[in-house]
Amino acid sequence: DLRLDSGSSIIIPQIAAVGDTVYVTWTGSLNGARGIYLNRSLDGGATWQPTETGLNTGPLDAGGSLNPHIAACDDSVYVVWQDSRDSLSPKPHLWYDVRMNRSRDRGATWLDQDIRIDTSPLGSSTSIFPRVAAIGQEVYVTWEDNRSSRPDVYFNRSIDAGATWQAEDVRLNTNDAVLSHSLRPEIATSGQGVYVSWTDTRDSPDGIYFNRTLDGGLSWLASDFRIGTTPTWTASSFFNQIATEQESVYVVWGNNNFLVGGLGTDIFFNRSLDRGSNWLPDQVQMNSTSPLTSGGGMPHIAASGDAVYVVWEDSRDGQARIYFNRSLDRGSTWLPADIALDKDFTKHVLSQRPRVAASGDGVYVTWYTINDNQRIYFNRSADNGSNWLPSPHLLNPPGSPSSPHAFTPQIAAHDQSVYVTWIQDGVRFNIPFGAQPFGEGTAGSGGLVPRLKGTDNLTLGNTFTLSVTDGLGAAFGVLALGGPNSKTSIPMLGGSLLIDPIDHVVPIVLGGAAGSPGAGSISINCPIPVNEALLGFNINLQALFIDPGAPGSIAWTNGVETWIL
């Protein structure tokens, strides 16, 4: 794994990715200056800036900038945080504003002055836990704000990539109950739809409320509303998370029964298929145990296509483990039984704080453990959550770095690339695959596209196996190898060259009946020496074959990106 910072006192990092561009932001101290920092990679995590970039342009002090959140879109990246530079109260800080900085050139340059987003009287309210979402040049931010002597949910937006903002922010919770609290909003966007959910105490028991706009933040529902019902045995709803995909909106949360003296917590889900207009009349329970028998918590959600994925920590059998459920029909039906993703762990290992990301058919989950020197683990499914690795990957090997304490991992996925960051002696980063495909191949004889695959066990002392399938029987070809920064997509001979520059080529001949479409295959075993200097080594691969039935008589495979972990 790699260290991304050169400071100290790091607080939960946040991560975002667009293709091979990866951003990580955090609160930390650098040369005695505490503030919001960011590092970025332009080559899928292979190399990073030598020094992090400071994003808050006001005074840097002990504790005044906290809780950054990040969103990336195309070449733009946006970071928001809570900031106490204008607080009228003495330290410890009581008043916070919401601030933002942005880059439109993949993190190369940033605004000379960060921008204040909330419009409450300066230094007079607590605006905290900001969340940001972006699409195109439109940027949306929501946060918790107590300017009315109670926590409310507020919103502001920019339609010019963060350069200017509405003169007046908007309160999204529409109730007038002075004693109620609207807490911890979460935000998601798709097209012109912007969706915000939060925990609200106006009812008893507490519930999850929702508001939305379909015109990019110009107008909102006149009345917010509660999502679904709440079982009478529960006491409160908390840790809501929201996701959207096209016209579908999904929300997941936890419910507990503390008021009746128990410790059971269940995980609930609700959804809308029409941009937040109509919801299921009752929420769906994600954990397949009987109500009140799980110690569930910290749910997280991701969506891709028609698929929805939910993970959470759960102590139903006396230890905290990571559980998973999924729907392949936009939340209509779910697995009859949830799945433990760390089921091979010994009983004394406690798994916590899962995070899930999805792209295409891939589902990726990370979490950290305690009672085993606090390690970062990862599991993945390549088939929409049907099958998982039999044993999770360890992302921070023992002995590196010097401190064993690792926690609060975050995950991002884009296309077929996956990235994980966490805290351990600073901000750490790893890529949880030994080998992952990228790009597309081109069809050869019989209309079949040859496939290049690699096993995930690219670890020191193991054997990495590279295989080609679905090619033309007995076809002659080459395996092309490129180093870091070689991923590309160049039209060539009716296909796409996915590696440039090519450092080496290896001649290969496919097996199978000569001239038979789809019969050609080969398997290549590559032993990996036990040499710590190889850790993090990156090679990109693509195969191509002579095939008269392919455009330009050349059939191309997809690419494969490999890392020694």
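Cut-offs used in this document
- Along each chain, residues carry numbers from 1 onward, in the same order as the chain's sequence is written.
- Under the rules for a predicted model, residues below a pLDDT of 70 receive no local features and side-chain atom pairs below 80 are neither given nor counted, while totals for whole chains, interfaces and linings still include all residues.
- To get the side-chain values, all heavy atoms of the structure are used, and hydrogens and water are removed first.
- Should a side-chain nitrogen of Lys or Arg be within 4 Å of a carboxyl oxygen of Asp or Glu, the pair is scored as a salt bridge.
- Buried, partly exposed and exposed residues are distinguished by accessible area as a fraction of the type maximum, computed with a 1.4 Å probe on protein chains only: under 20%, between the cut-offs, and over 50%, respectively.
- The criterion for strand pairing is that DSSP finds at least two bridges linking the strands in question.
- Going along the chain from the N terminus, every DSSP run of H or I of four or more residues is numbered as a helix, and every run of E of two or more is numbered as a strand.
- Residue contacts are defined here by distance: any two heavy atoms, one from each residue, within 4.5 Å place the two residues in contact.
- Put plainly, a pocket is an open set of points on a 1 Å grid over the protein atoms alone with protein on both sides within 12 Å along at least five of seven lines, a cavity is a set where a 1.4 Å probe fits but cannot get out, and a lining residue has an atom within 4 Å of a point.
- Grid points are joined across faces, edges and corners, and a volume is the space filled by probe spheres set on the points.
- For this classification, the nonpolar set comprises Ala, Val, Leu, Ile, Met, Phe, Trp, Tyr, Cys and Pro, the charged set comprises Asp, Glu, Lys and Arg, and every other residue, Gly included, is treated as polar.

K.L.:
Explain the pattern of salt bridges residue by residue, including any values.
P.N.:
Pairs can form between side chains of opposite charge once their charged atoms are near each other. According to the stated counting rule, one finds 20 salt bridges in the structure shown. Between Asp 314 and Arg 316 there is a salt bridge, and its shortest N-O distance comes to 3.0 Å. Judged by relative accessible area, Arg 316 falls into the partly exposed class, the value being 23%. When salt bridges with common partners are traced through the structure, they connect Asp 83, Arg 85, Arg 99 and Asp 114 into a single cluster.

K.L.:
Pulling in residues and values, what's your account of the sheet that holds strand 2 (residues 8-18)?
P.N.:
Read from one edge of the open sheet, four strands run 2-3-4-5, paired in antiparallel fashion. Strands with a single pairing partner mark the edges of an open sheet, and in this sheet they are strand 2 and strand 5 (53-54).

K.L.:
A description of the side chain of Gln 49 should follow, citing residues and the corresponding values.
P.N.:
Along the chain, Gln 49 falls in the loop between strand 4 (33-41) and strand 5. Owing to a relative accessible area of 18%, Gln 49 belongs among the buried residues under this scheme. When neighbours within four sequence positions are excluded, Gln 49 is seen to be in contact with Leu 38, Asn 39, Arg 40 and Gly 107.

K.L.:
Any chance you could break down the sheet that holds strand 14 (residues 182-190) for me, citing the residues and the numbers?
P.N.:
The antiparallel open sheet is built from four strands, whose spatial order is 14-15-16-17. The sheet terminates laterally at strand 14 and strand 17 (225-226), the two strands that pair on one side only. With two bridges connecting them, strand 16 (residues 207-213) and strand 17 associate as antiparallel partners. Residue pairing for strand 17: Tyr 209 is matched across the bridge by Arg 226.

K.L.:
Just give me the short version of the layout of surface pockets, but keep the residues and values in it.
P.N.:
What the second largest pocket holds in volume is close to 770 Å³. Residue lining of the second largest pocket: 29 residues in total, with Ala 382, Gln 416, Gln 436, Pro 437 and Lys 453 positioned closest to the centre. Among the secondary structure elements, those contributing two or more residues to the lining of the second largest pocket are strand 27 (362-370), strand 28 (376-381), strand 33 (435-438), strand 34 (451-454), strand 35 (463-471) and strand 42 (554-563). For the lining of the second largest pocket, the residue count by class is nine nonpolar, 13 polar and seven charged.

K.L.:
Requested: an account of unusual backbone geometry, with residues and values cited.
P.N.:
A cis amide bond links Asp 500 to the next residue, Pro 501, at an omega of 5°. The residue Pro 501 is located in the loop between strand 38 (495-499) and strand 39 (504-509) in this model. A positive phi angle is found at Arg 106, which is not glycine, with a value near 60°. Its location among the elements puts Arg 106 in the loop between strand 8 (97-103) and strand 9 (115-116). Classification of Arg 106 as partly exposed rests on a relative accessible area of 31%. In this model, Ser 149 sits at a positive phi of 70°, which is unusual for a non-glycine residue.

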